[in-house]
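# Reading the structure
Chain by chain, the residues:
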Amino acid sequence: KVLIVGAGGLGCPAAQYLTAAGVGKIGIADFDAISISNLHRQILYTPAEVGLKKVMIACHKLQMQNPGIEMIAHDVKITSENVMEIIEPYDIIIDGTDNIETKYLLNDAGVLSGKPVVYGAIYQYEGQVSIWNILNDDGSRTPNYRDLFPNIHASQIPSCAEGGVIPSLAGIIGCMLANEVIKFITHTGELLAGKVLIFDAQTMQSRIIKTG
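Residues numbered from 1 in each chain as written. Predicted model: local features only at pLDDT ≥ 70, side-chain atom pairs only at ≥ 80, totals over all residues. Heavy atoms only, no water.

## A word on helix α7 (residues 167-186)
Between the first and last C-alpha of α7 there are 29 Å, a value that for 20 residues agrees with the 28 Å anticipated at 1.5 Å per step. Of all the residues in α7, the buried ones are Leu 169, Ala 170, Ile 173, Gly 174, Leu 177, Ala 178, Glu 180, Val 181 and Lys 183. Buried residues along α7 sit against β1 (2-5), α1 (11-21), β4 (92-95), β5 (117-123), β6 (126-132) and β7 (195-200). His 187 sits one or two residues past α7 and shows a positive phi near 55°. (Helix = DSSP H or I, 4+ residues; strand = E, 2+ residues; numbered from the N terminus. Expected span 1.5 Å × (residues − 1). Buried < 20%, exposed > 50% of the residue type's maximum accessible area, 1.4 Å probe, protein only. Contact = heavy atoms within 4.5 Å.)

This is the structure:
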């Protein structure tokens with residue numbers, strides 16, 4: 001049971017691959033409408049759907065892609081008042097959001113509930129991927145967003161709308177988010193826990209930085 005927060009540039013490819021892979025229950029949380037300026041990186045939508053709610057269109061199309069899974073639309077803004085209730089039915093959360101406040105909110109909710117959060121971020125030509133709050137054998141948890149970024153103000157990092165982003169980067173990082181979830185569900189491979197993958201779309205080079 002996977003909750004994807006953000007049905008934009010990261011959430012679209014992540015949701016498509018998890019749907020195709022047959023994840024049994026996928027929730028998508030987003031309160032925004034489809035915008036013509038976002039279509040270059042939000043690949044689930046068409047110009048004819050501009051103005052409609054992202055989450056409703058996304059869930060409808062994904063349900064057609066795989067009728068055998070359960071799609072749940074959360075047409076709400078994630079806030080401190082509703083976040084714990086929304087994440088409660090899910091096993092793992094994908095943070096595909098593009099604002100700092102929601103990233104801290106999802107991180108903290110994951111810590112409080114003991115749920116892992118798969119983190120993705122993109123800006124211009126660079127993307128980041130990690131997974132927070134994985135349970136270790138000794139009962140401790142791997143580092144989370146606040147361990148890496150203790151105090152970031154929203155004004156320090158422009159949004160994609162302000163700073164721009166190469167559209168293909170959203171697809172690459174979104175697929176990596178889905179990849180981490182599939183690894184987590186199937187207990188295969190080595191998770192990006194205690195480390196952050198940084199990808200440069202200009203050089204096609206990636207590096208992994210250990211965080212704990």
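## Examining the pattern of salt bridges
As enumerated under the stated definition, the model contains eight salt bridges in all. When the shortest N-O distance is used, the salt bridge between Lys 53 and Asp 75 registers 2.9 Å. Pair noted here: Lys 53 is in the loop between β2 (25-29) and α2 (54-65) and Asp 75 is in the loop between β3 (70-74) and α3 (83-87), with a separation of 22 residues, a long-range link. A residue is classified by how much of its surface remains accessible, and Asp 75, at 32% relative accessible area, is partly exposed. With its nearest N and O atoms 3.2 Å apart, the salt bridge here joins Lys 103 to Asp 95. For Lys 103, a relative accessible area of 5% translates into the label buried. (Salt bridge = Lys/Arg side-chain N within 4 Å of Asp/Glu carboxyl O.)

## Here we look at the sheet that holds β6
Taken together, eight strands build an open sheet; the order of strands is β3-β2-β1-β4-β5-β6-β7-β8 and the sheet is mixed. Only two strands of the sheet have a single partner each, and these edge strands are β3 and β8 (205-210). Strand after strand, the sheet turns through a mean of 15° between neighbouring axes, direction not considered. In terms of strand pairing, β1 meets β4 through four bridges, oriented parallel. (Pairing = 2+ DSSP bridges. Axes fitted to C-alpha atoms, helices over the stretch in contact; angles between N-to-C directions.)

## A word on the packing of α1 against α7
Where α1 contacts α7, the two axes come as close as 7 Å, and the packing angle between them is 40°. Judged by the angle between their axes, α1 and α7 are oblique. Every pair of crossing elements has a handedness; the one defined by α1 and α7 is right-handed. Here Pro 13, Ala 14, Tyr 17, Leu 18 and Ala 21 of α1 lie close against α7, whose contacting residues are Ala 170, Gly 171, Gly 174, Cys 175, Leu 177, Ala 178, Val 181 and Ile 182. (Parallel < 35°, antiparallel > 145°, perpendicular 65-115°, else oblique. Left-handed = near helix turned anticlockwise from the far one by under 90°.)

## Overview of the pairing of β7
When you tally the buried positions in β7, you get five out of six residues, the bulk of the element. Relative to β7, β6 is paired through four bridges, and the arrangement is antiparallel. From the neighbouring strand, Val 129 faces β7, where its bridge partner is Leu 197. By the bridge criterion, six bridges tie β7 to β8 in an arrangement that is antiparallel. Counterpart to Leu 197 in the pairing with β8 is Ile 208. Connecting β7 to the antiparallel partner β8 that follows it, the hairpin turn spans four residues, and Met 204 within it adopts a positive phi of roughly 60°.

## Description of the pairing of β2
A regular strand carries its side chains on alternate faces of the sheet. Most of β2 sits out of view: five of its five residues are buried. The alternating pattern of β2 places Lys 25, Gly 27 and Ala 29 on one face and Ile 26 and Ile 28 on the opposite face, and all of these are buried. Judged from the four bridges that link them, β1 and β2 form a sheet pairing that is parallel. Within β2, the residue paired with Leu 3 across the bridge is Gly 27. Handedness of the crossover joining β1 and β2 through α1 is recorded here as right-handed. Handedness of the crossover is the feature at issue here: the chain leaves β2, passes through α2, returns alongside β3, and the resulting connection is right-handed. (Right-handed = clockwise from strand over helix to strand, strands pointing away.)

## Brief notes about the nonpolar core
Ranked by size, the top nonpolar core spans 41 residues in total, and within it Val 2, Ile 4, Leu 18, Ile 26, Ile 28, Tyr 45 and Ile 94 carry the most contacts. In terms of residue count, the dominant contributor to this core is α7 (six residues). The residues touching Ile 4, leaving out its near neighbours within four places in the chain, are Gly 11, Ala 14, Ala 15, Leu 18, Ile 26, Gly 27, Ile 28, Ala 29 and Ile 94. (Core = buried A, V, L, I, M, F, W, Y, C linked by side-chain atoms within 4.5 Å.)

## Examining unusual backbone geometry
Although it is not a glycine, Gln 124 sits at a positive phi angle of roughly 55°. Structurally, the position occupied by Gln 124 is in the loop between β5 and β6. Of note in this structure, Met 204 is not a glycine but carries a positive phi near 60°. Assignment of secondary structure puts Met 204 in the loop between β7 and β8. Met 204 gets classed as exposed once you look at its relative accessible area, which sits at 56%.

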